[in-house]
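If you want the building blocks of each chain, they are given just below.
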Amino acid sequence: MFQSQTYEGPIQEQYDLLSRQLDALLDGESNQTANLSNASALLNQFLKDVNWVGFYIWKDGGLVLGPFQGLPACVRIAYGKGVCGTAVKDKRTMRVDDVHQFPGHIACDAASNSEIVIPLIRNGELLGVLDIDSPLKNRFSEDDEKGLEQFVQVLLKHV
Ligand code: SME
């Protein structure tokens, strides 16, 4: 049974603990759907002030909705479109303080005000993106970006 944890102390230490938890949670399982599902659930209970946490999977030249926590979302996102498609095109993390200022932002949940998208790239191969939305503007700091990129590196060992 999964034991939920209290996260406290400096943010980087919290993310270190989260990454260790993820590693332990996914250990011994290689099914992508199962592992992305548990990764989204773990993030959802760790992160405060988020309304959507999940994955889009790279398939046949576009992104298709994967495991997530939150409201039903748009199923397909084209290369270069929205925050997710831009993260794929530019192959880098997109941290958007105010989605309403981002040209072409795709609104899946009207409550979202800021967003972070991290591409999942292993040995140069794009697998998809991690996408997190918050109802708060400026929700995601540079520390969050580093911690989430570390989380993605651990995840990539298991998918
Ligand atoms: N806002 C994203 C679309 C996905 S939803 O946030 C879940 C984007 O602009 O790519």
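Heads up: the structure comes first, above all this text.
Residues numbered from 1 in each chain as written. Predicted model: local features only at pLDDT ≥ 70, side-chain atom pairs only at ≥ 80, totals over all residues. Heavy atoms only, no water.

Caption draft 1: Spotlight on the site of the ligand. Residues in contact with the ligand, as listed here, are W52, Y56, I77, G82, V83, C84, H105, I106, C108, E115, D131 and D133. A distance of 2.9 Å separates an oxygen atom of the ligand from a polar backbone atom of C84. Side-chain polar atom of D133 to an oxygen atom of the ligand: 2.8 Å apart, as the coordinates give it. Elements with a minimum of two residues in the shell around the ligand: β1 (52–59), α3 (82–90) and β6 (125–134). Here the shell around the ligand takes three residues from α3, the largest share from any one element. Among the residues forming the shell around the ligand, the class breakdown is seven nonpolar, two polar and three charged. (Near = heavy atom within 4 Å. Polar contact = N/O pair within 3.5 Å; in protein donor to acceptor, adjacent residues only side chain to side chain. Helix = DSSP H or I, 4+ residues; strand = E, 2+ residues; numbered from the N terminus. Nonpolar A, V, L, I, M, F, W, Y, C, P; charged D, E, K, R; others polar.)

Caption draft 2: View of the state of the cysteines. Tallied over the entire structure, the rule returns one disulfide. Covalently, C74 is tied to C108 through a disulfide, its sulfur atoms 2.3 Å apart. In this pair, C74 is assigned in the loop between β2 (62–70) and β3 (76–78) and C108 in the loop between β4 (94–96) and β5 (114–122), connecting sequence segments 34 residues apart. Owing to a relative accessible area of 31%, C108 belongs among the partly exposed residues under this scheme. C84 carries a free sulfur, and the closest cysteine sulfur to it, the one in C74, is 7.7 Å from it. (Disulfide = S-S within 2.5 Å. Buried < 20%, exposed > 50% of the residue type's maximum accessible area, 1.4 Å probe, protein only.)

Caption draft 3: Quick peek at the packing of helix α1 (residues 11–26) against helix α4 (residues 142–155). Relative to each other, α1 and α4 sit at 15°, their axes nearing to 9 Å. The angle between α1 and α4 falls in the class roughly parallel. In terms of crossing hand, the pair formed by α1 and α4 is right-handed. Along the contact surface, α1 presents I11, Q12, Y15, D16, L18, S19, L22, D23 and L26, while α4 presents D143, D144, K146, G147, L148, Q150, F151, V154 and L155. Per-class residue counts for the contact of α1 with α4 are nine nonpolar, four polar and five charged. (Axes fitted to C-alpha atoms, helices over the stretch in contact; angles between N-to-C directions. Parallel < 35°, antiparallel > 145°, perpendicular 65-115°, else oblique. Left-handed = near helix turned anticlockwise from the far one by under 90°. Contact = heavy atoms within 4.5 Å.)

Caption draft 4: Region of interest: the nonpolar core. If you look at the biggest cluster of nonpolar residues, it comprises 30 residues, and the most contacted ones within it are L18, L22, L43, F55, L130, I132 and L155. Where this core is concerned, the elements lending two or more residues are α1, α2 (32–46), β1, β5, β6 and α4. With near-sequence residues (within four places) excluded, L43 lies in contact with L18, V53, L130, I132, L148 and F151. In terms of nonpolar packing, the next biggest core, distinct from the first, is built from 16 residues, I77, C84, V99 and V117 among them. (Core = buried A, V, L, I, M, F, W, Y, C linked by side-chain atoms within 4.5 Å.)

Caption draft 5: How the structure looks around the pairing of β1. With six of eight residues buried, β1 lies mostly within the body of the structure. With seven bridges joining them, β1 and β2 adopt antiparallel strand pairing. Along β2, the bridge assignment pairs Y56 with L65. Counting the residues between successive antiparallel strands, the hairpin from β1 to β2 contains two residues, one of them, D60, with a positive phi of roughly 50°. Two strands pair when backbone bridges link them, and β1 and β6 are joined in this way by six bridges, in the antiparallel orientation. (Pairing = 2+ DSSP bridges.)

Caption draft 6: Structural view of the packing of aromatic side chains. For the structure shown, the criterion picks out five aromatic pairs. Ring plane angle 15° and centroid distance 5.1 Å describe the contact between W52 and F68, whose orientation is recorded as stacked. With W52 in strand β1 and F68 in strand β2, the pair connects residues that are 16 residues apart, well separated along the chain. Owing to a relative accessible area of 3%, W52 belongs among the buried residues under this scheme. Three or more aromatic residues link up through ring pairs in this structure, and these residues are Y7, Y15 and F46. (Phe/Tyr/Trp six-rings, centres within 6.5 Å; stacked < 30°, edge-to-face > 60°.)

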